Amino acid sequence: PYTGALDWTTHLDFFSLRAIPGVEQVSGGFYRRLTTTCGYPGVIEVSHNAADEVLEVTANLPTFNSIVDDVARIRWLFGLDQPAVPESIAHDSNLAPMVSRHQGLRIPGAWDRFETAIRILVGQQVSVRAATTLAGRIVERYGEQFEVDAFGLSRQFPGAATLASASLDGLRMPRSRMEMIKAFSRAVADGSLDLYDSGSLEAATATMQELPGIGPWTAHLIAHRVMRKQDAFPASDLGLRIAVGRLIGAERPPASVVEEFAERWRPNRAIAAQYLWASLNDEEL
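Below or above, wherever it landed, is the structure these notes cover. Worth saying up front: this structure is predicted, and the values here are computed from it rather than measured.

The strand order across the open sheet formed by four strands is E1-E2-E3-E4, and the pairing between neighbours is antiparallel. What marks the edges here is a single partner per strand, and that holds for strand E1 (24-27) and strand E4 (54-60). Going from strand to strand, the sheet's axes swing by 25° on average, the running direction of each strand aside. Sheet analysis places strand E3 (residues 40-49) next to E4, joined by seven bridges and oriented antiparallel.

Quick look at the structure:
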């Protein structure tokens, strides 16, 4: 169950574009993914029952010992436990029309935090489609394969220790990006970077930016989706620059201008960013 509205269609559209081949699949109103329990594969299917205000889950698992954890992951993935839109956002003169148009918008989360973080890393300076392809190459080469005859799902995304020691050669990425992925994976594997960090946004992003190749955009996007820091705001993101530019009458303003404009939405810039991204698809704009 969830409370308030839920924009299921927007969620599915988001995950459909980013579904990692072999790991996730979106079709016919369902989100599906391969999961493992005690080393054995299973498939999770999630659909929306709007009339009863619930997500319906079909879990095909070798054992149900982990079902409580799986439900928690689903709730995190779809933002079911997020608080109501803050009054400061809902009544903001710039955002109020977006909030009205996009009832039930939630911040998409992560089933596996490391998997989603790597998906964000490979998305640096490439299109969403290209990043999905790169993530698929990583899982095809380094992810564990299972014999599962269901919706093309057959692989588990590799863990941090695996990618930390992988060469990553032949993935058609710049050498610097491969080194960044390995350094990030090492930091997660050795515990120096905690993707479950409950501390401040500033501390979390500072820790990530100490790693090679990770700047404010990447750090804030990981804080936004993976750690769900409520004030995360990747100001240099092209979509946010375009959306804020529409509000201030400027075409693609620099990140510094976007950052300054977004000060009015603290400490809830993450949900503000979600509405700004959603506004890019509003035909009336």
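Let's shift gears to unusual backbone geometry. The omega torsion of the bond from arginine 266 to proline 267 falls at 0°, within 30 degrees of zero and hence cis. Here proline 267 shows up in the loop between helix H12 (255-261) and helix H13 (269-279). Residue glutamate 53 is not a glycine yet carries a positive backbone phi of 55°. Looking at the secondary structure, you find glutamate 53 in the loop between E3 and E4. Not every positive phi belongs to a glycine, and arginine 172 is a case in point at roughly 60°.

It is worth spelling out the pairing of E1 at this point. Relative to strand E2 (residues 30-37), E1 runs antiparallel, the two sharing four bridges. Looking at E2, one finds that valine 26 is bridged to tyrosine 31. Counted between consecutive antiparallel strands, the loop separating E1 from E2 contains two residues, among which glycine 28 sits at a positive phi close to 60°.

This next bit is on the environment of arginine 241. Relative to the assigned elements, arginine 241 resides in helix H11 (residues 238-248). Between the alpha carbons of arginine 241 and valine 257 there is a distance of 8.8 Å; along the sequence they are 16 residues apart. In this structure the side chain of arginine 241 is engaged in a polar contact, spanning 2.8 Å, whose partner is the backbone oxygen of proline 253.

What the rule picks out here adds up to eleven salt bridges. For the salt bridge of arginine 75 with aspartate 81, the shortest nitrogen-to-oxygen distance reads 2.7 Å. Judged by relative accessible area, aspartate 81 falls into the exposed class, the value being 54%. Between glutamate 259 and arginine 269 there is a salt bridge; the shortest N-O distance is 2.7 Å. Here glutamate 259 is found in helix H12, whereas its partner arginine 269 is found in helix H13, with ten residues between them in sequence. Through salt bridges with shared partners, one network takes in Asp231, Glu259, Glu263, Arg266 and Arg269.

What counts and what doesn't
Within every chain, residues take consecutive numbers counted from 1 along the sequence as written. The predicted nature of this model means local features are confined to residues of pLDDT at least 70 and side-chain atom pairs, given and counted, to a pLDDT of 80 or more, with totals for whole chains, interfaces and linings taken over all residues. By convention in this description, side-chain values take in all heavy atoms of the structure and omit both hydrogens and water. The rule for pairing is simple: two strands pair if DSSP sees at least two bridges between them. Every helix listed is a DSSP run of H or I at least four residues long, and every strand listed is a run of E at least two residues long, numbered separately from the N terminus. To get an axis, fit a line to the C-alpha atoms, keeping to the stretch in contact for a helix; angles then go from 0 to 180 degrees between the N-to-C directions. For the purposes of these results, a polar contact is taken to be a pair of N or O atoms within 3.5 Å, where, inside protein, one atom must be able to donate a hydrogen and its partner to accept one; residues adjacent in sequence count only when each atom of the pair is a side-chain atom. Any carboxyl oxygen of Asp or Glu that lies within 4 Å of a side-chain nitrogen of Lys or Arg is treated as forming a salt bridge with it. Three labels apply to residues, based on accessible area from a 1.4 Å probe with only protein chains included: buried if under 20% of the type maximum, exposed if over 50%, partly exposed otherwise in between.

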